[in-house]
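Chain and residue survey
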Amino acid sequence: MSNLLKDFQVDAKNPSLEARQRWRSSVSIVKNRARRFRMISNLDDLAENEKKRCEIQEKIRVAFYVQKAALQFIDAGAHREYKLTDEVKQAGFHVEADELASMVRNHDTKSLTKSGGAEGIAQKVSVSLTEGVRSSEVHIREKIFGENRYAEKPARSFLMFVWEALQDVTLIILMVCAVVSIGVGVATEGFPKGMYDGTGILLSIILVVMVTAISDYKQSLQFRDLDREKKKIIIQVTRDGSRQEVSIYELVVGDVVHLSIGDQVPADGVFISGYNLEIDESSLSGESEPSHVNKEKPFLLAGTKVQNGSAKMLVTTVGMRTEWGKLMETLSEGGEDETPLQVKLNGVATIIGKIGLGFAVLTFVVLCIRFVVEKATAGTIAQWSSEDALILLDYFAIAVTIIVVAVPEGLPLAVTLSLAFAMKQLMRDRALVRHLAACETMGSSTCICTDKTGTLTTNHMVVNKVWICEGIKERREENFQLNLSEKVKNILIQAIFQNTGSEVVKDKEGKTQILGSPTERAILEFGLLLGGDVDTQRREHKILKIEPFNSDKKKMSVLTSHSGGSVRAFCKGASEIVLKMCEKVVDANGESVPLSEEKIVNISDVIEGFASEALRTLCLVYSDLDEAPSGDLPDGGYTLVAVVGIKDPVRPGVKEAVQTCQAAGITVRMVTGDNISTAKAIAKECGILTAGGVAIEGSAFRNLPPHEMRAILPKIQVMARSLPLDKHTLVNNLRKIGEVVAVTGDGTNDAPALHESDIGLAMGIAGTEVAKENADVIIMDDNFATIVNVARWGRAVYINIQKFVQFQLTVNVVALIINFVSACITGSAPLTAVQLLWVNMIMDTLGALALATEPPNEGLMKRQPIGRTESFITRAMWRNIIGQSIYQLIVLGILNFCGKQILNLNGPDSTAVLNTIIFNSFVFCQVFNEVNSREIEKINVFKGMFNSWVFVAVMTATVGFQVIIVEFLGAFASTVPLSWQHWLLCIVIGSISMILAVGLKCIPVESNRHHDGYELLPSGPSSDAA
């Protein structure tokens, strides 16, 4: 099978254009191309959209870098005069939306200066830069300046899915056959008898189309909900005088937006104030070099990313008036990238379809030849009537229906159904899957490289211990008893409140809130406990320059000026790094005294002691300068104020989740920027650092020779003091040795590692927009246990599809062979077109619903991950398919050829009764085999069955409708009512397949391996640390 599917292979992430084109061109037998490829991206549309995107980027690049004259040549009328409309005047505004859009889009500094800069624009849009927009004005601003939404393709209605289901070529042919059959039947047999056969086919087609459309429509609703979640971005604005969070869709012109590293600029706007703001404009212009935004270059465009610094901006343009809006319109078309499983099953469907087509043609030819031979034998070869035409038409309908059953259109679509169901369930479990393939790939992951803070820990940080003035103070409940002199206390409060990227604000109820990262919040809360006041500090000291926290430097610095004109630099960051920058230390009197080697050793011991207690340690330092430096802030000459130890407790359930991973053959590696002692303490507490595991610092790892790095890679369980580049290197090398790597990230600098990994997992709470954009899955609650749940569902998707494939291939084999053999021997097919359509619905849409949506069971996480090269249809599956097919063919064959004698059927309706028994037995064989398919290797197929309400509902509906067809719709379905003895016989024949399944599963076919390619592990590795 692998050789036959060699053209149907694509990478799960960033598949090549050649591979995508190759498998599309290899799909030859498709009944309904519109439905089969509905969720698959159209390469022609993608190429066209890429062309549009490049054109927009080129226009923006010109606006950025070409002189004004060239811009006017490209976009004539960009500087035209705008006349205020009455509507704008009555709303109390003094500028047109198009004028603002043109100004920012064209970087028209002359018009901005003429308008009075950001303050002047604020007056024109009637907003205060300190108070922000009033909530009561939001509606009128949306009406005048537009909503911050982008044009999207309208949602498809249910009728569109009905129409799409009707595009099936075989159904169209059958509809034509049905209409002709009604016409000929009425002419020969009269009304209404002559209508039954054709009407039965039409009713069956309507049923198939409606069930298919309902299933597809529900899928589309699930994907629409998920798509809506993907686009949710929460931003911070000043409204009604307070800082608050709003959705990007609620943003209006006049909003004052707060930007920090990793944020996406949510709309076009102008710079109000900020520090070291660097903007990555590559998403818009294609330029890789960051742009510096300040008072002289104040324009900010929607869709760009904050690479460094922080700022406040005034929103001037929203929605489709922005260039980003036009770009998003092109990106919203084209469909999803295909997943490897979808592609593989398209290949399986193509191969089986070709076989089925051959059988259908052969069946039709054999039936026609037998018919002609019988006419010749009877001497009526020259006499042809409308009844003969009706018989040939019936043969043709049977052949077409064989194609309907034989081409397993539902195989690739079942993957989409299963993924949609899994993604919806994961959304409820706080995981947002951004790319379909990620859910699939996560089931194969062999390694998870996880951050510590917020993922393994709660992210609710508090300062637990402080070293200051050569003494250690510990937090007692909600208080610290530091007993410091006033001078020392003032220096400590300055170091806390001056050097921070967070803010202390009042909410609408007047309560104090701290906005910022968990570490910053912990330190500011400590400062508030000491009696510090942020407003007083900001009034007394002016901030001249900020160097925001950087994960490469692992420190944050700020330069301030005091009322007396003196200049002071503050710095805080990783203890061992910042301590090396110090030459002095604050004593108990608040004086700076030299930092001797002995004191450095003592302080290092304190840091090590804090770290061994799983505390995150930071040094707070300052330096008085003669004048403000023109370049970067100094990297030496500082005075140490304090060492703080911040506690971040391990999340409940993390240790159990790690043990689950280890039992599932998934190695968990912790990659953190923390001190190695802190990292090891947390790793031991979580059960990550096990016997024989290695903990290494990023600097040591990156300096290893290639051969040593390869040797130590499998043993690494903890990497401390790592840079984003170290994480990228680790991921890259793990993939080279065959690992399927999932990696977590929250910062802007994590983007390369997220992109490089097999599955990028961004944090929903702590993660920046840049990290989320480069991720495949967003963990909404930042919880490691949620990551494990994604792996569990990924495995469930794979196995559910295997169950469905086993079930569908069994039906394919039996339906094809029984009709073909019967046609060759008896000259008639026991299963009519209507009956085959019903069987097709059981095995296609209903089968997919029942088997492809089963929830995961705990047994899935007690096996090794599936290998990349594992065969999808395993030996155990072939064993079950062949065994069940042989049984069904023998039973149905005996009934077909000897049934009348065995069942003692006599009378004019004996043939009809026998054919009904064959049809009923065949359907019940599939019903019981569907239950068998719930477990490919295990004998107990009932475990957890009633936990899947979809499965139970489908089984109940199938049996119920089968009774209706046999007992009440005989005129349309060519059946007759059966006695209770015959019903019992059919049920017994079907149920024997369950006994057979037990016997088949006792036949060994794969040594130490399970049906899905997983290998049982005896137990997880020891959790005892080295």
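Here is what the cut-offs are and how they apply
- Residues numbered from 1 in each chain as written.
- Predicted model: local features only at pLDDT ≥ 70, side-chain atom pairs only at ≥ 80, totals over all residues.
- Heavy atoms only, no water.
- Pairing = 2+ DSSP bridges.
- Helix = DSSP H or I, 4+ residues; strand = E, 2+ residues; numbered from the N terminus.
- Axes fitted to C-alpha atoms, helices over the stretch in contact; angles between N-to-C directions.
- UniProt positions renumbered as here; feature names shortened; annotations may be inferred.
- Buried < 20%, exposed > 50% of the residue type's maximum accessible area, 1.4 Å probe, protein only.
- Patch = residues over 30% accessible without salt bridge, like charges linked within 9 Å, V, L, I, M, F, W, Y side chains within 5 Å.
- Areas by Shrake-Rupley, 256 points an atom, 1.4 Å probe, with all protein chains shown as cover.
- Salt bridge = Lys/Arg side-chain N within 4 Å of Asp/Glu carboxyl O.
- Lys, Arg positive; Asp, Glu negative; His and termini not counted.
- Charge placed at Lys NZ, Arg CZ, Asp CG, Glu CD.
- Left-handed = near helix turned anticlockwise from the far one by under 90°.
- Contact = heavy atoms within 4.5 Å.
- Nonpolar A, V, L, I, M, F, W, Y, C, P; charged D, E, K, R; others polar.
- Arc of directions from axis to C-beta.
- Phe/Tyr/Trp six-rings, centres within 6.5 Å; stacked < 30°, edge-to-face > 60°.
- Lys NZ or Arg CZ within 6 Å of the ring centre and 35° of its normal.
- Domains from an automatic or database assignment.
- Buried area = accessible area lost by both parts, 1.4 Å probe.
- Polar contact = N/O pair within 3.5 Å; in protein donor to acceptor, adjacent residues only side chain to side chain.

Taken together, the 8 strands give an open sheet; going across it, the order is 8-26-25-24-9-21-23-22, and neighbouring strands pair in mixed fashion. One side of each edge strand has no neighbouring strand; the edge strands of this open sheet are strand 8 (431-433) and strand 22 (694-697). Between one strand and the next, the sheet's axes are offset by a mean angle of 20°, whatever the strand orientation. As defined by bridge partners, strand 22 adjoins strand 23 (residues 716-720) across 4 bridges and the pair is classed as parallel.

Moving on to the UniProt feature "transmembrane region" (unreviewed entry) in the chain. When the UniProt feature table is mapped onto this chain numbering, "transmembrane region" (unreviewed entry) sits at residues 169-188, 194-214, 351-373, 393-422, 809-829, 910-928, 949-974 and 980-1000. Across residues 910-928, the secondary structure splits into 100% helix and 0% strand, with the terminal C-alpha atoms separated by 27 Å. As annotated, residues 980-1000 has a helix share of 100% and a strand share of 0%, and its two end C-alpha atoms lie 30 Å apart.

Another aspect to go through is unusual backbone geometry. For asparagine 483, which is not a glycine, the phi torsion comes out positive at approximately 55°. By the element assignment, asparagine 483 lies in the loop between strand 11 (471-474) and helix 19 (486-497). Judged by relative accessible area, asparagine 483 falls into the exposed class, the value being 69%. Not every positive phi belongs to a glycine, and asparagine 904 is a case in point at roughly 55°. By relative accessible area, which is 60% here, asparagine 904 ends up exposed.

A few words on the pairing of strand 20 (residues 638-647). Most of strand 20 is tucked away: 9 of the 10 residues are buried. The sheet contact formed by strand 10 (residues 462-468) and strand 20 spans 6 bridges and is antiparallel. Each residue of the ladder has a partner; that of valine 466, found in strand 20, is valine 644. Judged from the 3 bridges that link them, strand 17 (residues 582-586) and strand 20 form a sheet pairing that is parallel. From the neighbouring strand, valine 585 faces strand 20, where its bridge partner is leucine 640. As paired strands, strand 19 (residues 615-625) and strand 20 are joined by 8 bridges and run antiparallel to one another. Bridging from a neighbouring strand, valine 621 pairs with leucine 640 of strand 20.

Together, Asp44, Asp45, Glu48 and Glu55 line one region of the surface with negative charge. Tracing the backbone shows aspartate 45 in helix 3 (residues 43-65). For aspartate 45, a relative accessible area of 37% gives the class partly exposed.

Taken together, Trp878, Ile882, Ile886, Ile890, Ile894 and Ile902 make up a surface patch of nonpolar side chains, about 560 Å² in accessible area. Summarising the element assignment, isoleucine 886 is placed in helix 33 (residues 875-903).

Okay, the packing of helix 19 against helix 20 (residues 518-529) next. At a closest axis distance of 9 Å, the pairing of helix 19 and helix 20 adopts a crossing angle of 145°. Both helix 19 and helix 20 take part in a crossing whose hand is left-handed. When helix 19 is examined against helix 20, the residues Leu492, Ile496 and Phe497 are found in contact with a partner set consisting of Ile523, Leu524, Phe526, Gly527 and Leu528. For the contact of helix 19 with helix 20, the per-class residue count stands at 7 nonpolar, 1 polar and no charged.

Residues of helix 9 (residues 138-145) that are buried: Val138, Arg141, Ile144 and Phe145. The buried residues of helix 9 occupy an angular sector of 130° when projected down its axis, which confines them to one face. Of the residues in helix 9, the exposed ones pointing more than 90 degrees away from the buried face are His139 and Lys143. Contact partners of the buried residues in helix 9: helix 5 (86-90), helix 6 (97-105) and strand 1 (234-239).

Moving on, we come to the packing of aromatic side chains. Evaluation of the coordinates by the stated rule reveals 14 aromatic pairs. Arranged with centres 5.7 Å apart and planes meeting at 75°, the rings of phenylalanine 158 and tyrosine 217 form a pair that is edge-to-face. Here tyrosine 217 lies in helix 12 (residues 196-230) and phenylalanine 158 lies in helix 10 (residues 158-165), a separation of 59 residues in the sequence. By relative accessible area, tyrosine 217 is classed as partly exposed at 25%. By way of ring pairs, the aromatic residues Phe158, Phe161 and Tyr217 are connected into one cluster. Over the ring of phenylalanine 161 we find arginine 156, and its NZ or CZ is 4.8 Å from the ring centre. The ring of tryptophan 384 has lysine 375 lying over it, and the distance from NZ or CZ to the ring centre is 5.0 Å.

Turning our attention to the pattern of salt bridges. Where side chains of opposite charge bring their charged atoms close, a pairing between them can arise. Overall, the coordinates contain 37 salt bridges when judged by the stated rule. Residue glutamate 338 pairs with arginine 20 through a salt bridge whose shortest N-O separation is 3.5 Å. Of this pair, glutamate 338 sits in the loop between helix 14 (323-331) and helix 15 (340-378) while arginine 20 sits in helix 1 (residues 17-26), placing them 318 residues apart in sequence. An identical accessibility class is assigned to glutamate 338 and arginine 20; each is buried.

Attention now moves to the domain arrangement of the chain. Split by domain assignment, the chain resolves into domain 1 (31-70 + 85-335), domain 2 (343-419 + 800-1002), domain 3 (431-458 + 651-782) and domain 4 (473-643). Between the C-alpha centres of domain 2 and domain 3 there is a distance of 47 Å. Contact residues are listed per partner, giving 9 residues for domain 2 and 15 residues for domain 3. Overall, the association of domain 2 and domain 3 removes approximately 920 Å² of surface from exposure, summing both partners, and the carbon and sulfur fraction of that is 63%. One can count 0 salt bridges joining domain 2 with domain 3. The interface formed by domain 2 and domain 3 holds 1 residue pair in polar contact (both at pLDDT 80 or more) in total. The residue makeup of the side of domain 2 that touches domain 3, split by class, is 5 nonpolar, 1 polar and 3 charged.

Moving on to the side chain of arginine 36. Tracing the backbone shows arginine 36 in helix 2 (residues 33-36). Classification of arginine 36 as buried rests on a relative accessible area of 4%. A polar contact is formed between the side chain of arginine 36 and the side chain of asparagine 346, at a distance of 2.5 Å. Once residues within four sequence positions are removed from consideration, arginine 36 is found in contact with Val27, Ile29, Val30, Asn346, Ala349, Val407, Glu409, Pro412 and Leu413.

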